[in-house]
Structures are given as C-alpha cells and as structure tokens.
Amino acid sequence: MLTRKQHELLMFIHERMKESGVPPSFDEMKDALDLKSKSGIHRLITALEERGFIRRLPNRARAMEVVRLPDSMNPSLGGKKAKFEPSVIEGNLGKSPEPKPSASSAHDDGQMPVHIPVMGRIAAGVPIEAIQTQSHTIAVPPEMLAGGEHYALEVRGDSMIDAGIFDGDTVLIKKQQTATNGEIVVALVDGEEATLKRLRKKGNSVALEAANPAYETRIFGPDQVSVQGRLVGLFRKY
C-alpha cells in the first residue's frame, strides 16, 4: 500500500518518462506535488525505492526508472492522506480489564490475558505507511499493561536492533501523544508515514534516532512529528 503522496509521485515520474524518456527534476516533482521543500521529495523517493517501485541508476544525475506500478489503490482513501491513527481501536480492546475470577484457562493469579489489536506494520528503518486496519489480536499478560489503551504493531526493518528490536518482532505500544527524551515511540512524520525510533528533543527540533549505526539520525521541525504511542513491551517468535 502506498500513501497518496507516494502514489502521486510514482505516477508523475511514470507519465513523464512515457512522454519524454527523461525523469523529472526534484524541483518539478516538488511543484507537481505542491510540497514546500525538496527534502519531502527525497523522502518519498527513498520510500518508493525501498518498496521496490523505482530504482535509481548509479553515476548518472537524475537517473531513475520505474520498476513496477501498484496493482490497485485503496478506494477508501477518498483523496485524503493515508494516516496511521491508532484511535480506530474501539471498545475494550487494548484496555486493562478489571480482575476476574480464575478459570481453567486463566493464569495462576486469576487474571485472564488481554487481547490487544495488532494494527499493522511499523517501520524500523526508512519510514513507511503504517496500516491502520486491525489484522488480528495477540494475548498479553495483564501485568504488562499499566492502564490506558494499548495496541500492537509488527516490526519491519533493522534500524532498532541495538535496542533489541528485530525485524519480525511485535511491539506493544501504549497510546499517548507525549513522550520524554530517550523513549522509543511510534512517530508520525508529516502526517503520512510512521516509524519506530528513539525520540530526542532539543530546542525547536525533533530528532528520530535509530539504534543501528547504519542509519542516520533524522531531524525535523516541531510541527513535522507527532507521537502516536510509547513502546512498553515486545514479543518475539523463535
């Protein structure tokens, strides 16, 4: 699944290549997508390249090719940005329950596991769109939940391996909109792309810090990043 901006950029490059055989410049792409800076175009191109839609050719300025086009687009977007919004969690999913009497399937302490919705995938690497549709649930011990609302995400990428978070892990997130320096959070960048990173704030800048020396720390303005939740647990299958 592509975000609206990613799809717009991919189709703009595709149509320009069909017309002239020459890829558009960064300025042309910026103007076509009505973006304020070329850094947004660079991020979109990187995301498209990471997901196998385009390929940049070495040793040639502006050289790229469209490798494939999306099979279909999500009609429910209705021309709006595809945002990752864990607020779609409804009912008691993800909320700590009141203690219940023990049963044959309960833990020894008499509390049943809590079923937490898995809301899709989160990038531990180059930000990708997180899918906000609930795919399934996982059972979580109540002692891992300290009140409030929780959700889970499947990790894709290796940028947080030094924090013990690997590709294929499932992370447990407490839904909140604030976090302190050094906490690992789900961060929404420019209202479109979600990523799992360590949050650092200094003055009016916000840094999303990887836990892998192969990835650079990315700096944003205060209005570009919003916190969607804080990491509180992790699950791994062997």
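Anything mentioned here points back to the structure above.
The following refers to the structure shown. Since the model is a prediction, treat every value here as computed from it, not as a measurement.

## Regarding the packing of helix H1 (residues 4-20) against helix H3 (residues 38-50)
Next up, step 1: Between H1 and H3, whose axes approach to 10 Å, the crossing angle comes to 85°. The pairing of H1 with H3 is recorded here as roughly perpendicular in orientation. The residues of H3 that touch H1, namely those facing Lys5, Gln6, Leu9 and Leu10, are Ile41, Leu44, Ile45, Ala47 and Leu48.

## A word on the packing of H1 against helix H2 (residues 26-33)
Next up, step 1: Running from N to C, H1 and H2 cross one another at 130°; their axes reach a closest spacing of 10 Å. For the element pair H1 / H2, the angle class is oblique. Two packed elements cross with a definite hand, and for H1 against H2 that hand is right-handed. Facing Lys5, Glu8, Leu9, Phe12, Ile13 and Arg16 of H1, the residues of H2 in contact are Glu28, Met29, Ala32 and Leu33.
Next up, step 2: When the residues that make up the contact of H1 with H2 are grouped by side-chain class, the tally is six nonpolar, no polar and four charged.

## Observations regarding the nonpolar core
Next up, step 1: Ranked by size, the top nonpolar core spans 17 residues in total, and within it Ile122, Leu153, Ile165, Val171, Ile173 and Leu196 carry the most contacts.
Next up, step 2: Among the secondary structure elements, those contributing two or more residues to this core are strand E3 (114-123), strand E5 (150-156), strand E6 (170-174), strand E7 (184-189) and strand E8 (193-202).
Next up, step 3: The next biggest cluster of nonpolar side chains, apart from the first, holds 13 residues, and it includes Ile13, Met29, Ile41 and Phe53.

## Details of the side chain of Ser159
Next up, step 1: One can find Ser159 in the loop between E5 and E6.
Next up, step 2: Look at Ser159 and you get buried, because its relative accessible area is 0%.
Next up, step 3: Engagement of the side chain of Ser159 in a polar contact is seen with the side chain of Lys197, the distance being 3.1 Å.
Next up, step 4: Not counting chain neighbours up to four residues away, the residues in contact with Ser159 comprise Ala124, Gly125, Leu196, Lys197, Ala210, Ala211, Asn212 and Tyr215.

What counts and how
Residues numbered from 1 in each chain as written. Predicted model: local features only at pLDDT ≥ 70, side-chain atom pairs only at ≥ 80, totals over all residues. Heavy atoms only, no water. Axes fitted to C-alpha atoms, helices over the stretch in contact; angles between N-to-C directions. Helix = DSSP H or I, 4+ residues; strand = E, 2+ residues; numbered from the N terminus. Parallel < 35°, antiparallel > 145°, perpendicular 65-115°, else oblique. Contact = heavy atoms within 4.5 Å. Left-handed = near helix turned anticlockwise from the far one by under 90°. Nonpolar A, V, L, I, M, F, W, Y, C, P; charged D, E, K, R; others polar. Core = buried A, V, L, I, M, F, W, Y, C linked by side-chain atoms within 4.5 Å. Buried < 20%, exposed > 50% of the residue type's maximum accessible area, 1.4 Å probe, protein only. Polar contact = N/O pair within 3.5 Å; in protein donor to acceptor, adjacent residues only side chain to side chain.

In short, geometric facts, not functional conclusions.
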